[in-house]
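Below, each chain spelled out in residue letters.
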Amino acid sequence: MQLSRDELLGAYRRMATIRVFEERLHDEIKTGEIVGFTHLYCGQEAAAVGVCDHLTTKDMIVSTHRGHGHCIAKGCDVKGMMKEIYGRRDGLCKGRGGSMHIADLSVGMLGANGIVGAGAPQAVGAAIAAKLDGKGRVAIAFSGDGACNQGTTFEAMNMAVVVNAPAIFVFENNHYSEHTGVDYAVGTSKDIASRAEAFGMKAWRANGCDYFDTYETMRELLDYVRAGNGPAAIELDTERFYGHFEGDPQRYRGPGELDRIRETRDCLKSFRARVGEAKLLELSQLDEIDAEVAQLIDEAVAEARAAPAPDPANVAEDVYVTY
């Protein structure tokens, strides 16, 4: 399927926004103004955007501790996200969630969380709700190669098949579960998608460092699920450029590994090369987007720094819900 120029520009803008947002956080965390653990998504932009570019605000996703990219790809407000990460009152979750717990139900972002594999059961619940309302919505659980070992993920995949729910399990295989290589920790390390197939669902595989491969594969998968065929899974082979968390020295990496993947598997570089060689876009258009995104992130950081902190008097708000 040939994407229009506007669609291509939009995809690049979303990927560039994720990259600059995360790289700026990498610098800002060193100032000590951002507290708590932060897990950066740089390198995996094509996975989030290639998946979410098919979704509407009514479709739902559940994210992971490495969730900023999913939030931006799904349409969360970047300035609201930055305020949340800075712990400000006007953040998307009123400064109560921080980096690992951003949510925005208005765009179908049901939340990130710090528990590996916790998103899969939540997504199945959302998918059951989508099945019951009959409006063709889907629910997606993003997870990594580490979560594919979790019992919660196994149980969620089994339940999704049993109830024929429109749930999609997206496994972003970035080759490391925290500090442990996938070849060591995952019995089917060369083919995580086969685990989903064992539960009776159809599974796809794609290059998660290639926006176009991810986008096209996800289009086929979504057509299948929206047609009422039940749950499905996709394994995206991708890379992360930074450590598991900010401050991770990455001593488990091989010599020259980071330099190699930044040179050969950078999804923004490959996107620019593809659209430039095919004369689909002028590279000057992408340069303009880079400048606009840089300005947006500058503004987001400045506004977050200046924003008020939560009022301690309101600490009990939103803790309990009365039905």
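Use the structure listed above.
What you see is a predicted model, and the numbers here were worked out from it, not measured in a lab. (Residues numbered from 1 in each chain as written. Predicted model: local features only at pLDDT ≥ 70, side-chain atom pairs only at ≥ 80, totals over all residues. Heavy atoms only, no water.)

1. A word on the overall build of the protein
What counts, and what does not: Starting at the N terminus, helices and strands are each numbered in turn, a helix being any DSSP run of H or I of at least four residues and a strand any DSSP run of E of at least two. Atoms counted for the radius of gyration: C-alpha only. Globule rule: 2.2 Å times the number of residues to the power 0.38. Exposure is judged per residue with a 1.4 Å probe applied to protein chains only, and the accessible area is read against the type maximum: over 50% gives exposed, under 20% gives buried, and values in between give partly exposed.
Check the secondary structure of the protein and you find twelve helices and seven strands. Taking 20 Å as the expected radius of gyration for a compact globule of 323 residues, we find that the protein reaches 19 Å, a close match to that expectation. If one aligns the C-alpha atoms of the protein with their principal axes, the spans along those axes are about 55 × 50 × 40 Å. Here the protein holds 323 residues, and the buried ones make up 51% of them.

2. Let's talk about the nonpolar core
Operational definition: Buried residues of nine kinds, namely Ala, Val, Leu, Ile, Met, Phe, Trp, Tyr and Cys, make up a nonpolar core once their side-chain atoms join them within 4.5 Å.
If you look at the biggest cluster of nonpolar residues, it comprises 67 residues, and the most contacted ones within it are Phe 21, Met 82, Ile 140, Ile 168, Tyr 211 and Phe 271. Among the elements that take part in this core, helix α1 (residues 5-28) stands out by supplying nine residues, more than any other. Membership of the second largest hydrophobic core comes to 26 residues, among which are Cys 148, Ala 165, Val 186 and Ala 203.

3. So, the pattern of salt bridges
How we decide: Any carboxyl oxygen of Asp or Glu within 4 Å of a side-chain nitrogen of Lys or Arg constitutes a salt bridge here.
Counting across every chain of the model gives 26 salt bridges. With its nearest N and O atoms 2.5 Å apart, the salt bridge here joins Asp 298 to Arg 24. One end of the pair, Asp 298, is in helix α12 (residues 283-306); the other, Arg 24, is in helix α1, with 274 residues separating them in the sequence. With its nearest N and O atoms 3.0 Å apart, the salt bridge here joins Lys 79 to Glu 303. Of the two residues, Lys 79 is situated in helix α4 (residues 78-85) and Glu 303 in helix α12; the sequence distance between them amounts to 224 residues.

4. Quick word on the packing of α1 against α12
Going by this rule: Where helices are involved, their axes are fitted lines through C-alpha atoms of the stretch in contact, as for all axes, and angles between N-to-C directions lie from 0 to 180°. Here is the rule for angles: anything less than 35 degrees is roughly parallel, anything more than 145 is roughly antiparallel, 65 through 115 is roughly perpendicular, and the remaining ranges are oblique. Each crossing gets its hand from how the near helix is turned against the far one by less than a right angle, where anticlockwise is left-handed and clockwise is right-handed. Pairs of residues are marked as contacts when any of their non-hydrogen atoms sit within 4.5 Å.
Where α1 meets α12, the closest approach of the two axes is 9 Å, and the angle between their N-to-C directions is 40°. Taken as axis vectors, α1 and α12 run oblique relative to one another. Between α1 and α12 lies a crossing whose hand is right-handed. From α1, Arg 5, Leu 9, Tyr 12, Arg 13, Ala 16, Thr 17, Val 20, Phe 21, Arg 24 and Glu 28 reach across to α12, where they touch Gln 285, Leu 286, Ile 289, Asp 290, Glu 292, Val 293, Ala 294, Ile 297, Asp 298, Val 301 and Arg 305.

5. Let's talk about the environment of Thr 264
Condition: In the analysis that follows, any N or O atom pair within 3.5 Å is treated as a polar contact, provided that within protein one partner can donate a hydrogen and the other can accept it, and provided that, for residues neighboring in sequence, both atoms belong to side chains.
Structurally, the position occupied by Thr 264 is in helix α10 (residues 257-264). It is 9.6 Å that separates the C-alpha atoms of Thr 264 and Cys 209, two residues lying 55 residues apart in sequence. In terms of polar contacts, Thr 264 uses its side chain to reach the backbone carbonyl oxygen of Arg 260, at 2.8 Å.

6. Looking at the sheet that holds strand β2 (residues 139-144)
Strand-to-strand pairing in sheets goes through backbone hydrogen bonds, with the strands running parallel or antiparallel. So the rule is basically this: Two strands make a pair as long as DSSP finds a minimum of two bridges between them.
Read from one edge to the other, the open sheet built from five strands follows the order β1-β2-β3-β7-β6, with strand pairing classed as parallel. Edge positions in the sheet fall to β1 (60-62) and β6 (202-207), since each has one partner strand and no second. Neighbour to neighbour, the strand axes of the sheet diverge by 20° on average, direction disregarded. As defined by bridge partners, β6 adjoins strand β7 (residues 232-237) across six bridges and the pair is classed as parallel. Note on β7: the bridge partner recorded for Trp 204 is Ile 234. Contacting β1, β2 and β3 (167-173), helix α5 (residues 119-133) runs over the sheet at an angle of about 170° to β2.

7. Digging into unusual backbone geometry
The phi dihedral of Lys 94 is positive, around 60°, even though this residue is not glycine. Residue placement: Lys 94 occurs in the loop between α4 and α5. Positive phi values are uncommon outside glycine, yet Glu 178 reaches one of about 55°. For Glu 178, the position within the fold is in the loop between β4 (176-177) and β5 (180-181). Glu 178 gets classed as partly exposed once you look at its relative accessible area, which sits at 42%.

8. Regarding α4
Residues spaced three or four apart along an α-helix face the same direction, because each turn holds 3.6 residues. The buried fraction of α4 amounts to seven of the eight residues, a majority that puts the element mostly inside the structure. Buried within α4 are the following residues: Val 78, Gly 80, Met 81, Met 82, Lys 83, Glu 84 and Ile 85. Where α4 is buried, its residues touch α1, α3 (68-74) and α12. Structurally, the start of α4 carries an N-cap: the backbone nitrogen of Lys 79 is 3.4 Å from a side-chain oxygen of Asp 77. Following α4 by one or two positions, Gly 87 has its phi on the positive side, about 75°.

9. So, the packing of aromatic side chains
Stated precisely, the cut-off is as follows: The criterion for an aromatic pair is that two Phe, Tyr or Trp rings (for Trp, the six-membered ring) have centres within 6.5 Å, with stacked assigned to planes under 30 degrees apart, edge-to-face to planes over 60 apart and tilted to the rest. By definition, being over a ring means that NZ of Lys or CZ of Arg is both within 6 Å of the ring centre and within 35 degrees of the ring normal.
Counted under the stated rule, the structure contains nine aromatic pairs. Judged by centre distance (5.1 Å) and plane angle (50°), the rings of Tyr 176 and Tyr 252 are tilted. Of the two residues, Tyr 176 sits in strand β4 while Tyr 252 sits in the loop between β7 and α10, which places them 76 residues apart along the sequence. Residue classification places Tyr 176 among the buried positions, given a relative accessible area of 13%. Taking relative accessible area as the criterion, Tyr 252 reaches 22% and is therefore assigned partly exposed. Seen from their ring centres, Phe 212 and Phe 271 are 5.3 Å apart, and the 10° between their planes marks the pair as stacked. Residue Phe 212 is found in helix α9 (residues 211-229), and its partner Phe 271 is found in helix α11 (residues 267-277); the two are separated by 59 residues along the sequence. A relative accessible area of 17% places Phe 212 in the buried class. By relative accessible area, which is 1% here, Phe 271 ends up buried. Members of the aromatic cluster, connected to one another through ring pairs, are Tyr 12, Tyr 211, Phe 212, Tyr 215 and Phe 271. One residue, Arg 262, lies across the ring of Tyr 242, its end atom 5.2 Å from the ring centre.

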